[in-house]
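Summary of structural features
Residue-level listing of the chains:
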Amino acid sequence: MAPWSLPLCSLLKHTDCLQRANIFFNVVQGLHHHYHPVRSRLWKRNFRAVSQGVGQLLSHEPRAGKCAASVCSSSLDGQNTTERLWSVYDETKRQTGDLISVITANSVDPDTIFANNEMSLRDIEIYGFDYDYTLAFYSSHLHTLIFNIARDILVTNHRYPEGLRKYEYIPSFAVRGLHYDVQKALLMKIDAFHYIQLGTVYRGLHPVPDEEVIAMYEGCHVPLEIMSDFYGKSSHGHTMKQFMDIFSLPEMTLLSCVNDFFMRHNIDYEPVHLYKDVKEAIRDVHVKGIMYRAVEADIEKYICYGEQSHAVLKKLSAQGKKMFLITNSPFDFVDRGMNFIVGKDWRDLFDVVIVQADKPSFFNDRRKPFRRVTDKGVLLWDRIHKLEKGQIYKQGNLYEFLRLTGWRGSKVLYFGDHIYSDLADLTLKHGWRTGAIIPELRKEIKIMNTPEYVHMMTWLQSLTGLIEQMQVHRDPTSRAVVEQWIKEREAMKPHTKDIFNAQFGSLFRTYHNPTYFSRRLSRFADIYMASISCLLNYDFQHTFFPRRTPLQHEASYWPEHGSAGLGASSPAPQDQSRV
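Criteria and thresholds
- Residues numbered from 1 in each chain as written.
- Predicted model: local features only at pLDDT ≥ 70, side-chain atom pairs only at ≥ 80, totals over all residues.
- Heavy atoms only, no water.
- Helix = DSSP H or I, 4+ residues; strand = E, 2+ residues; numbered from the N terminus.
- Contact = heavy atoms within 4.5 Å.
- pLDDT = per-residue confidence, 0-100.
- Core = buried A, V, L, I, M, F, W, Y, C linked by side-chain atoms within 4.5 Å.
- Buried < 20%, exposed > 50% of the residue type's maximum accessible area, 1.4 Å probe, protein only.
- Pairing = 2+ DSSP bridges.
- UniProt positions renumbered as here; feature names shortened; annotations may be inferred.
- Polar contact = N/O pair within 3.5 Å; in protein donor to acceptor, adjacent residues only side chain to side chain.
- Axes fitted to C-alpha atoms, helices over the stretch in contact; angles between N-to-C directions.
- Parallel < 35°, antiparallel > 145°, perpendicular 65-115°, else oblique.
- Left-handed = near helix turned anticlockwise from the far one by under 90°.
- Nonpolar A, V, L, I, M, F, W, Y, C, P; charged D, E, K, R; others polar.
- Phe/Tyr/Trp six-rings, centres within 6.5 Å; stacked < 30°, edge-to-face > 60°.
- Salt bridge = Lys/Arg side-chain N within 4 Å of Asp/Glu carboxyl O.

For Thr 515, the location among the structural elements is in the loop between helix H18 (476-498) and helix H19 (516-524). Sequence separation between Thr 515 and His 194 is 321 residues, and the spatial gap between their C-alpha atoms is 8.8 Å. The residues touching Thr 515, leaving out its near neighbours within four places in the chain, are Lys 189, Ile 190, Asp 191, Ala 192, Ser 506, Leu 507, Phe 508, Arg 509 and Thr 510.

On to the confidence of the model for the chain. On average, residues of the chain carry a pLDDT of 84, and 81% of them reach 70 or more. Contacts for the low-pLDDT stretch residues 559-579, under 50 throughout, to residues beyond four places or in other chains number 30 contacts.

With that out of the way, let us pick up the nonpolar core. If you look at the biggest cluster of nonpolar residues, it comprises 88 residues, and the most contacted ones within it are Tyr 127, Phe 129, Tyr 131, Leu 142, Met 291, Phe 350 and Phe 415. With nine residues, the top contributor of residues to this core is helix H6 (residues 140-157). Other than its neighbours up to four places away in sequence, Phe 415 contacts Tyr 127, Gly 128, Phe 129, Asp 130, Thr 134, Gly 435, Ile 437, Ile 527, Met 529, Ile 532 and Leu 535. Judged by nonpolar contacts, the second largest core, of 52 residues, contains Val 108, Tyr 217, Phe 324 and Ile 445.

Our next topic: the sheet that holds strand E3 (residues 126-129). Read from one edge to the other, the open sheet built from nine strands follows the order E1-E15-E14-E13-E3-E9-E10-E12-E11, with strand pairing classed as mixed. Strands with a single pairing partner mark the edges of an open sheet, and in this sheet they are strand E1 (114-115) and strand E11 (370-373). As paired elements, E1 and strand E15 (residues 527-529) share two bridges and run antiparallel to each other. Directly across from Ala 115, in E15, lies its bridge partner Ile 527.

With that out of the way, let us pick up helix H15 (residues 419-429). The element H15 is largely enclosed, with a buried count of nine among its 11 residues. Structurally, H15 contributes buried residues whose contacts are with strand E8 (240-242), helix H14 (398-405), strand E13 (412-416), strand E14 (433-437) and H19. Remark: Gly 431 follows H15 within two positions and exhibits a positive phi of approximately 75 degrees.

Attention now moves to the UniProt feature "binding site: GMP" (unreviewed entry) in the chain. Using the residue numbers shown here, the UniProt feature "binding site: GMP" (unreviewed entry) corresponds to Asp 132. Locating Asp 132 in the fold gives a position in the loop between E3 and H6. The exposure class of Asp 132 is buried, given its relative accessible area of 9%. Every residue in contact with Asp 132, bar those within four places of it in the chain, is listed here: Tyr 138, Phe 247, Thr 327, Ser 329, Phe 333 and Asp 417.

Alternating residues of E3 divide into Ile 126 and Gly 128 and Tyr 127 and Phe 129, and every residue in both groups is buried. When E3 meets strand E9 (residues 322-326), the two strands line up parallel, connected through four bridges. Across the sheet, the residue bridging to Gly 128 is Phe 324, located in E9. Alignment of E3 against E13, held across four bridges, turns out to be parallel. Paired with Phe 129 across the strands is Phe 415, a residue of E13.

Attention shifts here to the UniProt feature "active site" (unreviewed entry) in the chain. Mapped onto this numbering, the UniProt entry gives "active site" (unreviewed entry) at Asp 130 and Asp 132. Summarising the element assignment, Asp 130 is placed in the loop between E3 and H6. The exposure class of Asp 130 is buried, given its relative accessible area of 6%. If sequence neighbours within four positions are ignored, Asp 130 has contacts with Leu 135, Leu 325, Ile 326, Thr 327, Lys 359, Tyr 414, Phe 415, Gly 416, Asp 417 and Asp 422. Engagement of the side chain of Asp 132 in a polar contact is seen with the side chain of Tyr 138, the distance being 2.5 Å.

All right, on to the packing of helix H10 (residues 290-297) against helix H13 (residues 331-341) then. Packed helices, taken two at a time, are described by the angle their axes make and the gap between the axes. At a minimum axis distance of 10 Å, the contact between H10 and H13 shows a crossing angle of 25 degrees. Classified by the angle between their axes, H10 and H13 sit roughly parallel to one another. H13 is crossed by H10, and the crossing has left-handed handedness. Touching Met 291, Tyr 292, Val 295 and Glu 296 of H10 are Asp 332, Phe 333 and Arg 336, all from H13. For the contact of H10 with H13, the class distribution of residues is four nonpolar, no polar and three charged.

Moving on to the packing of aromatic side chains. With the rule as written, the count across this model stands at 38 aromatic pairs. Between the aromatic rings of Tyr 202 and Phe 504, the centroid separation amounts to 5.1 Å while the plane-to-plane angle is 50 degrees, which identifies the pairing as tilted. Within this pair, whereas Tyr 202 is found in strand E6 (residues 202-203), its partner Phe 504 is found in the loop between H18 and H19, the two being separated by 302 residues in sequence. Assigned by exposure class, Tyr 202 and Phe 504 land together as buried. Note on Tyr 453 and Phe 500: the rings are 5.4 Å apart at their centroids and 70 degrees apart in plane angle, and the pair reads as edge-to-face. Taken as a pair, Tyr 453 in helix H17 (residues 451-470) and Phe 500 in the loop between H18 and H19 lie far apart in primary sequence, 47 residues in all. On the accessibility criterion, Tyr 453 (6% relative accessible area) is buried. The class for Phe 500 is buried, based on a relative accessible area of 11%.

Attention now goes to unusual backbone geometry. Trans peptide bonds make up most of the peptide bonds, and negative phi angles are found at most residues other than glycine. Here the amide bond leading from Lys 359 into Pro 360 is cis, since omega sits at 5 degrees, within 30 degrees of zero. Tracing the backbone shows Pro 360 in the loop between strand E10 (352-355) and E11. In the Ramachandran plot, Asp 358 falls in the positive-phi region, its phi being about 65 degrees despite a non-glycine side chain. Following the sequence through the fold, Asp 358 ends up in the loop between E10 and E11.

Right, let's talk about the pattern of salt bridges for a bit. Side chains that differ in charge, positive against negative, can pair when their charged atoms come close. Counted according to the given criterion, the structure contains 27 salt bridges. A salt bridge links Glu 91 to Arg 94; its shortest N-O distance comes to 2.8 Å. Remark: Arg 94 and Glu 91 occur in helix H5 (residues 78-105); sequence separation between them is three residues, near one turn of the helix. On the accessibility criterion, Arg 94 (43% relative accessible area) is partly exposed. Among the ionic pairs, Lys 359 bridges to Asp 422, the shortest N-O distance being 2.8 Å. Separated by 63 residues along the polypeptide, Lys 359 in the loop between E10 and E11 and Asp 422 in helix H15 bring together distant segments of the chain.

Set out below in structure tokens:
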């Protein structure tokens, strides 16, 4: 056998695997056409599964690495080695390109509900909802309003420079889930392993060079003791604050703008004081009712849509499901919004309505009793012995709620947009099922479905697999080629960020790892979706199954070990419609 024949055979095995990946999607398409009533979204699996498979194409045989290593001792000259390596590279790229149209055709439906934990709707008897960004969705005008009011509060009440009024809200600047180092005045994205994603660290409105970041943190890792606390707050010695609320987007932007102003004008300032002042200004916008009054005065400008939320509530009511609302917003604000979304009879749909609940302390503090509120906002003093339909209650606590309703355990499903304040305690302490509303999901999925993103990520995964397999070559000629591949991979990584957000990238991923936000989402939410309207696509017998993604030590049973005969005995393309 020629010195190159065995390792080359191992390396080129990815060609066969790529073809099998193509067959896999044709089988899926065949199933979709054969069973027409099944919604296409059930078969439009995320193309990232293919990307993952492509990334593993060059590592099917444990001995492949050893075989490839034997090339180092071959008698071939450097030029021949280089030609062979680039031949493998070109063939990998060609086969990857052939998959693009197949993957793009099997795009992800943005209205899908995604599961972190297996859950069946047939087990759910009671549905609970937050209000803001769960039942009511707001336009970008609201964030501009919050930013402008808080900025003016800084100038008027905290005596910040008048020049700050020149700054306007930047809708495309920040993303949810970022961390802010209070003492260093740095905004950044951190992954699930507490590592900073280089290229996403900002001081003011400008990125901090990677070398400076590494010097400040003595690497890229953020120790647990300075990370934000359980609820994402910077307290009790934690110097990091995590912004998990959608309402926090104006706060992050305002922090960055004020930092930018001080730096531009060489003004010496204390970052801790700045953070606290901005936090207080943002809080005043909410607590003092400034935002609520503005929205109530022009509700059509600030609330985007409500028809689908209304349809979900009607569907649940028609099925005889119990429903309740627990929100931190005041009654007048909720009443005005729900009248716009649902109609004046909105309270008839809910068995219990609780306003100004003060989550997350609502889920932990047993001391606050419920208090009834009249339609005119008058607080009554009588003891609450029963939570009655049609009445409005303020504050209270979850333990009293459980005692009065008996709604316990996994028969309750609660939806909210804040991973910590809405969902964490419910799933960890009380065993409720939880659903996260992630409005950003729809935009990100649409980007992921584009041919540009599909091509970029599929080739990135394939190139990574190629590097992983060929790194066993230690001779200078081979190393020079592999180094060129590594440089190409590094050059591609910023594009995977910029396609989502030029500053901070995707809400869900760093360059490769899940973000810290994703880690918390997967822990505290059984299911997640772009909006509550996604429920309209499912009946009440539906079971949500999480994907069985192979652990790093587990063999991948996709595509060659699939139960549908996706290996060497896969049916010919012309026969797949009969599968």
